[in-house]
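These are the residues of each chain, in order.
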Amino acid sequence: MAKLIDVSDLNIYYGDFLAVEDVTMTIEPRAVTALIGPSGCGKSTFLRSLNRMHEVIPGARVEGKVVMDGQDLYGSDIDPVTVRRQIGMVFQRPNPFPTMSIYENVAAGIKLNAKRMKKSDLDELVERSLRGANLWNEVKDRLNRPGAGLSGGQQQRLCIARAIAIQPDVLLMDEPCSALDPISTLAVEDLIEQLKLEYTIVIVTHNMQQAARVSDKTAFFNLAAVGKPGKVVEIDDTATIFSNPSQKATEDYISGRFG
Ligand SMILES: Nc1ncnc2c1ncn2[C@@H]1O[C@H](COP(=O)(O)OP(=O)(O)OP(=O)(O)O)[C@@H](O)[C@H]1O
Ligand SMILES: [Mg+2]
């Protein structure tokens, strides 16, 4: 079930380095929120802080709050492993498990999470996930072949199938199309359009057209100078950000006059 995430006064550190400063935003359910901004402004760092993947880096920590449907994800009673199951992630490069078959790749996350499942139930969940990722028709006759044998675009949809197989509430995507050709990119964008009916989606992209096509809200991150923290300049409806942003820095960035 899609969930709302409320971020308030979030500071994100790598050791002593404040990488992202003072983020406050609401991420809405059943919608796509795009994060845009120049390299190094902290988009990936912010994304990883939402599902507690940031802190796996030694010395990395956050201050502030990330609240999902009323629950503080950084509360002392919260298990980060549970958070990562509720908030799935898809990375820039498709990363299927290379020695596993297509079927095993999708089942991998389920097996880690579900204790024991009947083979027929697992088959059904694998099929449902592959259908959900718009990949079923292309792979149904070769489920036992290696996942690494798929095209880049298919591999990325396989990773999305793996992410949705564990039935998360939120999907985080860090430049999921940057390694894909235009046709695969459109396939993944179509998929995002469908997934948002059920999930809360946050996507980082360097592609302005993509942000305009797939997202409902857009947050523009920027940094004053190298070594300074990244900040959210503004967040608004995507149509507003791209047609009538309130900040000049946003306008410069989206119209390519940045830097
Ligand atoms: N593991 C790390 N250890 C220390 N500093 C890091 C680490 N990862 C990122 N940083 C720093 O944090 C800042 C934000 O980096 P981040 O990767 O979040 O930016 P980004 O907006 O995703 O950039 P890009 O568009 O290039 O992917 C940068 O100054 C970066 O050098
Ligand atoms: Mg990044």
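What this report covers is the structure whose coordinates are included nearby.

Calculation notes
- Residues numbered from 1 in each chain as written.
- Chains lettered and ligands numbered in written order.
- Predicted model: local features only at pLDDT ≥ 70, side-chain atom pairs only at ≥ 80, totals over all residues.
- Heavy atoms only, no water.
- Helix = DSSP H or I, 4+ residues; strand = E, 2+ residues; numbered from the N terminus.
- Expected span 1.5 Å × (residues − 1).
- Buried < 20%, exposed > 50% of the residue type's maximum accessible area, 1.4 Å probe, protein only.
- Axes fitted to C-alpha atoms, helices over the stretch in contact; angles between N-to-C directions.
- Parallel < 35°, antiparallel > 145°, perpendicular 65-115°, else oblique.
- Left-handed = near helix turned anticlockwise from the far one by under 90°.
- Contact = heavy atoms within 4.5 Å.
- Nonpolar A, V, L, I, M, F, W, Y, C, P; charged D, E, K, R; others polar.
- Near = heavy atom within 4 Å.
- Polar contact = N/O pair within 3.5 Å; in protein donor to acceptor, adjacent residues only side chain to side chain.
- Core = buried A, V, L, I, M, F, W, Y, C linked by side-chain atoms within 4.5 Å.

Spanning 14 residues, helix α6 (residues 152-165) covers 20 Å between terminal C-alpha atoms, matching the ideal 20 Å at 1.5 Å per step. In terms of burial, α6 is a largely internal element, 13 of the 14 residues being buried. Where α6 terminates, the next one or two residues include Q167, which has phi positive at roughly 55°.

As a further point, take the packing of helix α4 (residues 119-132) against α6. Two elements in contact, α4 and α6, have axes whose closest approach is 8 Å; the angle formed by their N-to-C orientations is 125°. The pairing of α4 with α6 is recorded here as oblique in orientation. Where α4 crosses over α6, the two elements pack in a sense that is right-handed. Of the residues in α6, those in contact with L125, S129, L130 and G132 of α4 are L158, A161, I164 and A165. Its residues placed into classes, the contact of α4 with α6 shows six nonpolar, two polar and no charged.

Here the focus is the site of ligand 1. Close to ligand 1 lie 14 residues; S39, K43, S44, T45 and H206 are nearest. S44 is positioned such that a nitrogen or oxygen atom in its side chain is 2.8 Å from an oxygen atom of ligand 1. Taken together, the elements giving at least two residues each to the shell around ligand 1 come down to β2 (17-27) and α1 (43-50). Looking at the shell around ligand 1, the element that brings in the most residues is α1, giving three residues. In terms of residue class, the shell around ligand 1 is built from six nonpolar, six polar and two charged.

The subject of this paragraph is the nonpolar core. One finds L130, I160, M173, I192, L195 and I201 to be the most contacted residues of the largest nonpolar core, which totals 42 residues. With six residues, α6 is the largest single contributor of residues to this core. L35, V66, V202 and L223 belong to the second-largest nonpolar core, a separate cluster that totals 30 residues.

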